[in-house]
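Geometric and topological summary
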Amino acid sequence: MKRREFIKNAGILSLASYMPKSNASIQDIVALSLDGDEIILDSVDILDFMSSFQGSVITKEHYDYDTARLVWNGVWDKQPALIVYCESVADIQQAINFSREQNLLTAVRGGGHSISGKSTCDGGIIIDLSRMRKTSVDLQRKIVTVEPGCTLYDLDSKTLPYGYVVPAGVVSHTGVAGLTLGGGIGSLMRMFGLTIDNLRSVDIITADGVMRKASADENP
Ligand SMILES: Cc1cc2nc3c(=O)[nH]c(=O)nc-3n(C[C@H](O)[C@H](O)[C@H](O)COP(=O)(O)OP(=O)(O)OC[C@H]3O[C@@H](n4cnc5c(N)ncnc54)[C@H](O)[C@@H]3O)c2cc1C
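Note that the coordinates shown come from a computational prediction; the quantities given were computed from them, not determined experimentally.

Another aspect to go through is the packing of aromatic side chains. Under the defined criterion, the tally for this structure stands at 2 aromatic pairs. When the ring of phenylalanine 49 is compared with that of phenylalanine 53, the centres are 5.0 Å apart and the planes differ by 35°; the resulting orientation is tilted. Residue phenylalanine 49 shares its accessibility class with phenylalanine 53, and that shared class is buried. Through pairs of rings, three or more aromatic residues link up here, namely Phe49, Phe53 and Phe98.

Low pLDDT means the predicted atomic positions in that stretch should not be read closely. Residues at a pLDDT of 70 or more form 89% of the chain, whose mean pLDDT is 91. Overall, residues 6–22 carries pLDDT values under 50, and its contacts beyond four positions in sequence, including any with other chains, amount to 20 contacts.

Here glutamate 38 lies in strand E2 (residues 38–41). In the structure, glutamate 38 is positioned 85 residues away from glycine 123 in sequence and 8.6 Å away in space, judged by C-alpha atoms. With residues up to four places along the chain from it excluded, the contact list for glutamate 38 reads Val30, Ala31 and Leu32.

Our focus in this paragraph is the nonpolar core. Judged by nonpolar contacts, the single largest core of 25 residues is most densely connected at Leu41, Phe49, Val84, Cys86 and Ile127. Residue assignment for this core shows that the elements contributing at least two residues are strand E1 (29–32), E2, helix H2 (43–52), strand E4 (82–85), helix H4 (89–102) and strand E6 (125–128). Other than its neighbours up to four places away in sequence, valine 84 contacts Phe49, Phe53, Ser56, Val57, Ala95, Ile125, Ile126, Ile127 and Asp128.

Glancing now at the side chain of serine 88. Summarising the element assignment, serine 88 is placed in the loop between E4 and H4. Those residues in contact with serine 88, other than ones at most four positions away along the chain, are Gln54 and Met132.

Moving on to the sheet that holds strand E3 (residues 56–59). The sheet built from 4 strands is open, its strands ordered E3-E4-E6-E5 with mixed pairing. The sheet is open, and its two edges are formed by E3 and strand E5 (106–109), each paired on a single side. Within this sheet the neighbouring strands show an average axis-to-axis angle of 20°, counted without direction. Set on the sheet, H4 makes contact with E4, E5 and E6; between it and E6 the angle comes to about 165°.

With that settled, the discussion passes to the site of the ligand. Surrounding the ligand, one finds 25 residues, the nearest of these being Val108, Gly110, Ser119, Gly184 and Ile185. The backbone of valine 108 places a nitrogen or oxygen atom 2.6 Å from an oxygen atom of the ligand. Elements with a minimum of two residues in the shell around the ligand: E5 and helix H6 (176–182). Element by element, the count of residues in the shell around the ligand is highest for H6, at 4 residues. Split by residue class, the shell around the ligand holds 11 nonpolar, 12 polar and 2 charged. Looking at which domains feed residues into the shell around the ligand, each of domain 1 (3–128) and domain 2 (135–215) supplies at least three.

Before going further, it helps to examine a nonpolar patch on the surface. Side chains of Ile196, Leu199, Val202 and Ile204 sit close together on the surface and give an oily, nonpolar patch of about 300 Å² of accessible area. Residue classification places isoleucine 196 among the partly exposed positions, given a relative accessible area of 43%.

Its identity is not glycine, yet asparagine 103 carries a phi of approximately 55°, on the positive side. Phi angles above zero are rare outside glycine, and asparagine 219 is one such case at about 45°. Structurally, asparagine 219 can be placed in the segment after strand E10 (211–215).

The rules behind each value
Residues numbered from 1 in each chain as written. Predicted model: local features only at pLDDT ≥ 70, side-chain atom pairs only at ≥ 80, totals over all residues. Heavy atoms only, no water. Phe/Tyr/Trp six-rings, centres within 6.5 Å; stacked < 30°, edge-to-face > 60°. Buried < 20%, exposed > 50% of the residue type's maximum accessible area, 1.4 Å probe, protein only. pLDDT = per-residue confidence, 0-100. Contact = heavy atoms within 4.5 Å. Helix = DSSP H or I, 4+ residues; strand = E, 2+ residues; numbered from the N terminus. Core = buried A, V, L, I, M, F, W, Y, C linked by side-chain atoms within 4.5 Å. Pairing = 2+ DSSP bridges. Axes fitted to C-alpha atoms, helices over the stretch in contact; angles between N-to-C directions. Near = heavy atom within 4 Å. Polar contact = N/O pair within 3.5 Å; in protein donor to acceptor, adjacent residues only side chain to side chain. Nonpolar A, V, L, I, M, F, W, Y, C, P; charged D, E, K, R; others polar. Domains from an automatic or database assignment. Patch = residues over 30% accessible without salt bridge, like charges linked within 9 Å, V, L, I, M, F, W, Y side chains within 5 Å. Areas by Shrake-Rupley, 256 points an atom, 1.4 Å probe, with all protein chains shown as cover. Salt bridge = Lys/Arg side-chain N within 4 Å of Asp/Glu carboxyl O.

Here it is, written out as structure tokens:
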């Protein structure tokens, strides 16, 4: 048996027990590349990816597809080829590596509130981070750490009980990451600046799949 056939069969056998019925027989998927060209995602490669991905992988055949592709601004009625819900740093790295290897059009989704629809795409992959919502607070250093799926609700819930606040937006279901990158305007702005003015550091996974830290002292 050829290696590709073996992986295909082995993948189907090992995944069938936990994959939703509609994803159980993954087919090749027609998708769009970063350059806008039509590409084929081979089912062997998709199954290979899924076999070590902790989170969920949603294809067009999946019964959750139409819910999973929704973003806050309903104007952006896009049809991604794949939506992957990451549950760990390793998942994000794996999703980025897969996208890069396939030269696949990629959108990253945190809170999904991009008004201009930047966290969705037609024919590409959505790397969704909304399941990663852990927070922690260091009261001595007055620092709060949030995972990339956190909303302003998660942020405020962590700090307000201690009498602290991070200057941010005014709508609790907005994503912290997207707001920090492209907004950060709120009622405390005149006194404390934008959210990004208060950002100490980020752990960032770059396009090569490597996690790096960026701060004033490291990769500034
Ligand atoms: C109802 C509503 C209220 C708002 N209120 C305010 C407000 O009070 N103040 C304000 O400043 N702005 C406000 N905004 C604008 C908001 O800050 C931006 O739309 C922001 O980009 C939303 O971030 P998100 O994570 O929810 O969205 P997403 O759509 O998930 O992401 C927005 C952009 O950031 C990128 N991104 C998100 N997470 C990551 C990540 N972890 N790594 C890399 N890229 C990432 C996405 O790829 C996309 O390009 C509001 C928007 C809405 C819809």
